[in-house]
Amino acid sequence: MNRGRSLINAVPLHFIKETVSINRTSLIEPSNVIKKNDYRYLQKNQKISTSIIFLHGLFGSSENFKLSKKLLIKRFEFVSNQFDQILSEHDPNYLKNNNIDIDLYNLDIRNHGLSPHSSEMSLNDIEDDLHLFLKDNKILEKKLQDPESHKIILVGHSMGGKSAMMFALNNPHLIDGLVPIDVSPSNYVGIHNHNTKFEAMLNASKLFKNSNTTRNLIEKEMIKSGLEDKGERLYLLNNLKELNSNNNKNNNNNNNNNNNNNNNNNNNNNNNNNNNNNNSNNNNDQLFSWKLNVETLYKNQDKLLTFPNDDELIQTSLIKNKLPQFIKKTFFVGGADSHYLQLDHRKNIHKLFPNHEIQLFQNSNHFVYAQRPRDFADVLYNYSKNIIKS
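This is a predicted model, so every value here is computed, not measured.

Draft legend 1. Looking closely at the nonpolar core. Counting residues in hydrophobic clusters, the biggest one holds 60 residues, and the most contacted among them are I53, L154, I218, M222 and W290. The dominant element in this core, judged by the number of residues it contributes, is helix α6 (residues 159-170), at seven residues. Those residues in contact with I218 that sit more than four places away from it in its chain are A204, L207, F208, T213, L237, L240, F288 and W290. Counting residues in each nonpolar core, the second largest holds 30 residues, with I73, I153, F361 and V379 among its members.

Draft legend 2. View of the pairing of strand β9 (residues 356-361). As defined by bridge partners, strand β8 (residues 330-335) adjoins β9 across six bridges and the pair is classed as parallel. Looking at the pairing, G335 lines up with F361 of β9. For the crossover from β8 across helix α15 (residues 346-352) to β9, the handedness is right-handed.

Draft legend 3. Focus on the packing of aromatic side chains. Applying the stated criterion across every chain yields a total of 17 aromatic pairs. When the centroid spacing of 5.0 Å and the interplanar angle of 50° are considered together, the rings of F59 and F198 count as tilted. Taken as a pair, F59 in the loop between β2 (48-55) and α2 (66-90) and F198 in helix α7 (residues 195-205) lie far apart in primary sequence, 139 residues in all. Ring-pair connections join several aromatic residues into one group, and the members of that group are F54, F65, Y235, F367, Y369 and F376.

Draft legend 4. Just the pattern of salt bridges, in detail. One pass over the structure, following the stated rule, counts 10 salt bridges. The salt bridge partner of K143 is D176, with a shortest N-O separation of 2.7 Å. With K143 in helix α5 (residues 139-145) and D176 in the loop between α6 and β5 (177-181), the pair connects residues that are 33 residues apart, well separated along the chain. Residue K143 shares its accessibility class with D176, and that shared class is buried. A salt bridge links R372 to D375; the nearest nitrogen and oxygen atoms lie 2.7 Å apart.

Draft legend 5. Spotlight on the layout of surface pockets. Approximately 930 Å³ is the volume found for the largest pocket. In this structure, the largest pocket is lined by 46 residues; those nearest its centre are L58, H157, Y235, H366 and F367. When contributions to the lining of the largest pocket are tallied by element, the ones reaching two or more residues are α2, α6, α9 (230-237), α13 (301-305) and α16 (368-371). When the residues that make up the lining of the largest pocket are grouped by side-chain class, the tally is 16 nonpolar, 22 polar and eight charged.

Draft legend 6. Highlighting the packing of α7 against helix α8 (residues 215-224). Orientation of α7 relative to α8, taken along the N-to-C sense of each, is 135°, at an axis distance of 8 Å. Judged by the angle between their axes, α7 and α8 are oblique. The two elements α7 and α8 cross, and the hand of that crossing is right-handed. When α7 is examined against α8, the residues A200, M201, N203 and A204 are found in contact with a partner set consisting of I218, E221 and M222.

Draft legend 7. Spotlight on the pairing of β8. Here β8 lies mainly inside the structure; six of its six residues are buried. Side chains T330, F332 and G334 project from β8 onto one buried face, and the interleaved F331, V333 and G335 project onto a second face that is buried too. Bridging between β5 and β8 involves two bridges; their strand directions are parallel. Bridging across to β8, L178 finds its partner in T330.

Draft legend 8. Layout of the packing of helix α4 (residues 123-136) against α6. At a minimum axis distance of 9 Å, the contact between α4 and α6 shows a crossing angle of 70°. Considering the angle they form, α4 stands roughly perpendicular to α6. In this structure, α4 crosses over α6, and the sense of that crossing is right-handed. Mapping the contact onto sequence places L123, N124, I126, E127, L130, H131 and L134 in α4 and M159, K162, S163, M166, F167 and N170 in α6.

Rules used throughout
Residues numbered from 1 in each chain as written. Predicted model: local features only at pLDDT ≥ 70, side-chain atom pairs only at ≥ 80, totals over all residues. Heavy atoms only, no water. Core = buried A, V, L, I, M, F, W, Y, C linked by side-chain atoms within 4.5 Å. Buried < 20%, exposed > 50% of the residue type's maximum accessible area, 1.4 Å probe, protein only. Helix = DSSP H or I, 4+ residues; strand = E, 2+ residues; numbered from the N terminus. Contact = heavy atoms within 4.5 Å. Pairing = 2+ DSSP bridges. Right-handed = clockwise from strand over helix to strand, strands pointing away. Phe/Tyr/Trp six-rings, centres within 6.5 Å; stacked < 30°, edge-to-face > 60°. Salt bridge = Lys/Arg side-chain N within 4 Å of Asp/Glu carboxyl O. 1 Å grid on protein atoms, 1.4 Å probe; cavity = no way out; pocket = protein on both sides within 12 Å on 5 of 7 lines; lining within 4 Å. Points joined across faces, edges and corners; volume = space filled by probe spheres on them. Nonpolar A, V, L, I, M, F, W, Y, C, P; charged D, E, K, R; others polar. Axes fitted to C-alpha atoms, helices over the stretch in contact; angles between N-to-C directions. Parallel < 35°, antiparallel > 145°, perpendicular 65-115°, else oblique. Left-handed = near helix turned anticlockwise from the far one by under 90°.

Set out below in structure tokens:
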């Protein structure tokens, strides 16, 4: 957490969790000679566990990394099962005493997905929310109790990658691995903006109360607003939520019949649903809504496109008057056709993350993890494996 900041304004994030248990020996590369670090890893007597946390980008949700997480789990299980068959034949108790639990979390960042909406939206806010998430889910407690036996790896795309980098810089003692996806610790304000996307969504929102509105009509309205790229439209439409049209029709009929009791019941039910979903739509006659807090995100997009400069980073650094660095291995992944991880952006990477590697995938752009899912899962597996046993 930033020096001088508290979690008073942090919000609890919605997340999806899956756990995979693997044989710790499966992380060792087959060889006639065991490396020194691998030998030390195998000699650890304590229970080893890992948390891998996925943070999506702007307009995204916890669903974005669903395939990545699935492929990563399959890779862990496949390699582990091969070792299980061999080792269990020699020692049936080996698997009980030598497994590693890997918890994988897909988070909804505030104002996205099923997480709460807030009028505040900045990278600092996301960082605080992440800290609260670690605290509430006992991950922070595990890490502080025994730093060597519990590893935390942050994987973030775009906005999520920036938030992960800031968290790692401000809390290097808590983070063991960092994978920013197609983003650098740079200021993109004036270079990129999402005005067309926001305006298309806001214009489409005007149709939400129309009883004849359909998803197709909403998409056509977005095209009229200048959002011509079909891929971008489909990505944004993943955030479209269709409300219960039958309830809305019943509400209208009840209004016509002056059945106030039924109206009150329906309204209470609708209000409870809205509160539970944390989406700020209090108009019960709407047929659709956005999961995103579109207005707040639009208003604060520059705060999400920027990155703190050196003076700002020094002010929040754990070490007073010193520019923070994350010296553990950081793995930057990007699309070769993207504009977010260019040579001009790498100066800050070298300065803030000196122990880094950059891998660009050909024939892919900003959404490299979705365009090259198996390749991405492979490199994430190899990186995570080395962090876990380090």
